[in-house]
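Now for the letters of each chain:
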Amino acid sequence: MAQLILKPGRERSVLRRHPWIFDGAVERLVGRAKSGDTVEVVADDGRILGRAAWSPSSRIRARVWSFAPDQTIDDAFFKRRIAQALARRADLPELAGQEGLRLLHAESDGLPGVICDGYGDTLVLALSSAGAEKWRDAIVGALVKATGCARIYERSDADLRALEGLMPRCGYLHGEAPAVPVVISESGVRMEVDIVAGHKTGFYLDQRDNRLLLRQLAHGRRVLNCFCYTGGFSLQALAGGAASVLSLDSSVPALAAAAPNLALNPELAAGRALWREADVFSELRALALAGEQFDLVVLDPPKFAPSPAHAERAARAYKDINLYACKLLSPGGILMTYSCSGGIGIELFQKIVAGAAQDAKVEARMVRRLSAAADHPVLLDFPEGEYLKGLVCQVA
Ligand code: SAH
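Residues numbered from 1 in each chain as written. Predicted model: local features only at pLDDT ≥ 70, side-chain atom pairs only at ≥ 80, totals over all residues. Heavy atoms only, no water.

Caption draft 1: Spotlight on the sheet that holds strand 5 (residues 48–54). Read across the sheet, six strands follow the order 2-6-5-4-1-3 without closing on themselves; strand pairing throughout is mixed. Only two strands of the sheet have a single neighbouring strand rather than two, namely strand 2 (20–22) and strand 3 (26–30). Across the sheet, the mean angle from the axis of one strand to that of its neighbour is 35°, orientation sign disregarded. Looking at chain direction, strand 1 (residues 3–6) and strand 3 are connected through four bridges and run antiparallel. Bridge pairing in strand 3 places Gln3 opposite Val30. (Pairing = 2+ DSSP bridges. Helix = DSSP H or I, 4+ residues; strand = E, 2+ residues; numbered from the N terminus. Axes fitted to C-alpha atoms, helices over the stretch in contact; angles between N-to-C directions.)

In structure tokens:
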């Protein structure tokens, strides 16, 4: 096995169990390693720190599989790590009865670059690192054995694969395409999941807890759901007894999936729901100009700042939509606002929303500060920005 020798002092983050080794931390590679091969991580003083996957074309030059110096990385290793990840979720009370579940959350489950979402007996696997790519068969074998799933579809098409020198890859790795569309129940609300063409692996599982919170808050309220995608928040609002729900999205395919989702839930009175193809930035202005008011506004936009370099422009975009959302709120109205921008941490996000409320001349109080769902664990020593952040505010 080749050895990755670290520069002096650069062992510190590895000793803190951060799994990424950047190119600038690497002194040299002793021996030969191909993309995805396991290398031994060695500090400048000769201490062996663990084993990692080598990724020659990425700035993240290696991702640590194990911090144990003598851990063999083989099929059995993946079997154990996957069993541990599944056991972690089995104990979480908020996941009971959920048919859509993140089963493997990459670095946070000790499996860098490996995402697996389960939609009933259909699993969707997304591999984004050189190491994950190398161990695809072991991962699939362990998942099939541990879950007894009917099929595994690979959706390794995220842009960040290119940074690891990997081509996009999609297709069935186990079983066949289902005869009928994949449908899950999220606390009793049925949603179709397009695993082949939908965003990410087909569904935004990280927003589950927040959708369920909306369901609890929605009763009797006029709800405006911005960036609705296939209607996840909208349907939970209806299930919670919202007086009306206006949903906005600029994507025609997303909206085309939303109406059938509502039809899958005949108990939800469809007459309360209105869907509108619109750009949220201009539609919020138009609604304000028309003097419209809502009792609850949801803002769940796409990533405006993928990295800190985009933070300033993104901050302006967040400010804009939050400002207009505040203007549209009735007295006592609630704003549920989210960001999944890597370049913007929760502190900055809170400042942006506070500034927006001030400019809208509303007095707002934060009633909750939220993050991703329980099946999306976060390593303590990981860039906080990478994950979903949210605030729930109430105006006076
Ligand atoms: N809240 C959703 C996920 C939202 S994803 C859920 O829980 O499932 C972000 C959505 O924003 C996508 O559907 C995308 O089509 C939409 N979008 C992106 N830019 C937009 C814009 N300027 N106006 C309206 N919708 C936009």
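Caption draft 2: Broad picture of unusual backbone geometry. We note that Tyr229 has phi near 50°; this positive angle belongs to a residue other than glycine. By the element assignment, Tyr229 lies in the loop between strand 14 (222–226) and helix 7 (232–239). Despite not being glycine, Lys361 has its phi angle at roughly 60°, a positive value. In this structure, Lys361 sits in the loop between helix 11 (346–359) and strand 19 (364–371). Taking relative accessible area as the criterion, Lys361 reaches 75% and is therefore assigned exposed. (Buried < 20%, exposed > 50% of the residue type's maximum accessible area, 1.4 Å probe, protein only.)

Caption draft 3: Main features of the side chain of Thr122. Considering the arrangement of structural elements, one finds Thr122 in strand 9 (residues 122–127). Separated by 2.8 Å, the side chains of Thr122 and Arg151 make a polar contact. (Polar contact = N/O pair within 3.5 Å; in protein donor to acceptor, adjacent residues only side chain to side chain.)

Caption draft 4: Structural view of the sheet that holds strand 18 (residues 329–339). Ordered by their spatial adjacency, seven strands build an open sheet running 16-15-14-17-18-20-19, and the pairing between neighbours is mixed. The sheet is open, and its two borders are formed by strand 16 (273–277) and strand 19, each paired with just one other strand. With direction set aside, neighbouring strand axes in the sheet form an average angle of 15°. Pairing geometry for strand 18 and strand 20 (residues 389–395), over six bridges, is antiparallel.

Caption draft 5: Region of interest: the pattern of salt bridges. In the structure shown here, the tally under the stated rule is 26 salt bridges. Ionic pairing is found between Glu283 and Arg276, a salt bridge with its closest N-O pair at 2.7 Å. (Salt bridge = Lys/Arg side-chain N within 4 Å of Asp/Glu carboxyl O.)

Caption draft 6: How the structure looks around the site of the ligand. Around the ligand, a shell composed of 16 residues is seen, among which Arg211, Asp249, Asp279, Val280 and Asp300 lie nearest. Between an oxygen atom of the ligand and a side-chain N or O atom of Arg211, the distance comes to 2.8 Å. Backbone polar atom of Ser250 to a nitrogen atom of the ligand: 3.1 Å apart, as the coordinates give it. (Near = heavy atom within 4 Å.)

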